[in-house]
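# Working through the structure, step by step
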Amino acid sequence: MPELPEVETTVRGLARVLDGALIVHAETRRRDLRRPFPVDLVQTLTRATVTGLGRRAKYGLIHTDRERTLVFHLGMSGRWRIDPDELGKHDHLVLETGSGHVLALCDPRRFGSVDLVESAALDQWPPFAALGPEPLGPGLAAQYLRAALAGRAASIKLMLLDQRIVAGLGNIYVCEALFRAKIDPRKAAGLVSLPALKRMVPAIRSVLEEAIAAGGSSLRDYAQPSGELGYFAKQFDVYGREGEACRCGGAVARIVQGGRSTWFCPECQK
Ligand SMILES: [Zn+2]
């Protein structure tokens with residue numbers, strides 16, 4: 001499932017062929033993904049110029065000179081294919097640029113989405129309106145987390161997965177960041193000390209940045225029709241490693257929190 005680093009990698013890959021490009025052809029090859037494509041999608045994109053690309057949480061943003069932004073979510077299985085040899089049955093949205101590049105949004109399970117949002121009002125778009133700060137942006141700071149988590153009895157693990165606290169963090173990266181920050185995932189969020197939160201912020205950033213760098217290294221493959229989009233294949237410290245040895249000599253444990261697995265080292269994370 002694409003997480004924030006994969007979306008960031010995707011956006012960077014798209015930017016190489018799409019930033020500043022004129023879209024000479026746009027085509028939907030079915031009427032919906034998780035929900036219908038906007039009815040005016042093709043009309044809006046055709047002859048539009050892409051003015052920039054970006055990301056918010058796990059959404060990719062393609063800004064256009066039509067004062068509207070195409071917002072995509074990759075769902076469970078979505079990826080963009082650049083210059084595929086031929087289009088497949090799962091390529092549901094196809095764009096062609098003035099320089100001849102073809103971009104196909106491929107989504108076999110169709111849990112993804114495509115929306116057109118007024119560019120000037122992106123922050124008020126309902127899925128974005130309640131989002132917390134970007135984990136790689138200046139809004140995420142220890143003092144912010146202290147205020148946001150004050151008095152919260154829920155575990156720090158679940159609070160970090162809450163998109164209203166921090167935008168775009170998924171299970172893998174929360175597990176890994178808590179390990180790096182040496183924080184017990186079961187601890188009540190409101191009881192995590194300020195020094196621990198000060199370890200948490202760089203821990204979050206470093207796990208994401210390393211994942212983006214790993215994805216970035218496979219951008220070459222990304223342009224291949226068969227290429228997957230740079231999924232983070234690094235060996236994790238704790239994620240998915242129940243029973244294996246931590247570098248401290250202890251064993252990685254797995255518990256279930258909020259219906260999802262948490263992997264952590266009870267020796268290292270207090
Ligand atoms: Zn350990």
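Residues numbered from 1 in each chain as written. Predicted model: local features only at pLDDT ≥ 70, side-chain atom pairs only at ≥ 80, totals over all residues. Heavy atoms only, no water.

On to the pattern of salt bridges, then. Under the defined criterion, the tally for this structure stands at 17 salt bridges. The residue Arg30 makes a salt bridge to Asp32 at a minimum N-O spacing of 2.7 Å. As a salt-bridge pair, Arg186 and Asp184 come within 2.9 Å of each other at their nearest N and O atoms. Overall, the relative accessible area of 12% leaves Asp184 in the buried class. If you follow the salt bridges from partner to partner, you end up with Glu8, Arg12, Arg55, Arg56 and Glu134 in one network. (Salt bridge = Lys/Arg side-chain N within 4 Å of Asp/Glu carboxyl O. Buried < 20%, exposed > 50% of the residue type's maximum accessible area, 1.4 Å probe, protein only.)

Turning our attention to helix H4 (residues 142–149). Note that an α-helix has 3.6 residues per turn; residues three or four places apart therefore point the same way. Residues of H4 that are buried include every one of Ala142, Leu145, Ala148 and Leu149, and no others. Down the axis of H4, the smallest arc covering the buried residues is 130°, so these residues share one side. One or two positions beyond H4, positive phi appears at Gly151, with a value near 75°. (Helix = DSSP H or I, 4+ residues; strand = E, 2+ residues; numbered from the N terminus. Arc of directions from axis to C-beta.)

Attention now moves to the coordination of the zinc ion. Around the zinc ion, the donor atoms from the protein are Cys246 (SG), Cys248 (SG), Cys265 (SG) and Cys268 (SG), and they sit 2.2 to 2.4 Å away. One way to put it: the 4 donor atoms around the zinc ion meet at angles of 104 to 116°, and that makes the site tetrahedral. Motif for the zinc ion, donor spacing along one chain: C-x1-C-x16-C-x2-C. Residue class for Cys246 comes out buried when judged on its relative accessible area of 5%. Exposure remark for Cys248: the relative accessible area of 40% places this residue in the partly exposed category. (Donors = N, O, S within 2.8 Å, 3.2 Å for Na, K, Ca; no water. Tetrahedral: all angles 85-135°; square planar, octahedral: opposite > 155°, others 65-115°.)

On to the nonpolar core. By size, the foremost hydrophobic cluster in this structure holds 33 residues, and its most contacted members are Leu145, Leu149, Ile156, Leu160, Ile183, Met200 and Ile204. Elements with a minimum of two residues in this core: H4, helix H5 (156–161), helix H6 (171–181) and helix H7 (194–216). With 10 residues, the top contributor of residues to this core is H7. Those residues within four positions of Ile183 in sequence are excluded, and the remaining contacts are Ile156, Leu178, Val192, Ala196, Arg199, Met200, Gln269 and Lys270. By size, the runner-up hydrophobic cluster in this structure holds 26 residues, among which are Leu18, Val50, Phe72 and Trp80. (Core = buried A, V, L, I, M, F, W, Y, C linked by side-chain atoms within 4.5 Å. Contact = heavy atoms within 4.5 Å.)

On to a nonpolar patch on the surface, then. A grouping of Met1, Met76 and Phe111 is seen on the molecular surface, where their side chains present a nonpolar patch of about 290 Å² in accessible area. With respect to the element layout, Met76 can be found in the loop between strand E4 (68–73) and strand E5 (79–82). (Patch = residues over 30% accessible without salt bridge, like charges linked within 9 Å, V, L, I, M, F, W, Y side chains within 5 Å. Areas by Shrake-Rupley, 256 points an atom, 1.4 Å probe, with all protein chains shown as cover.)

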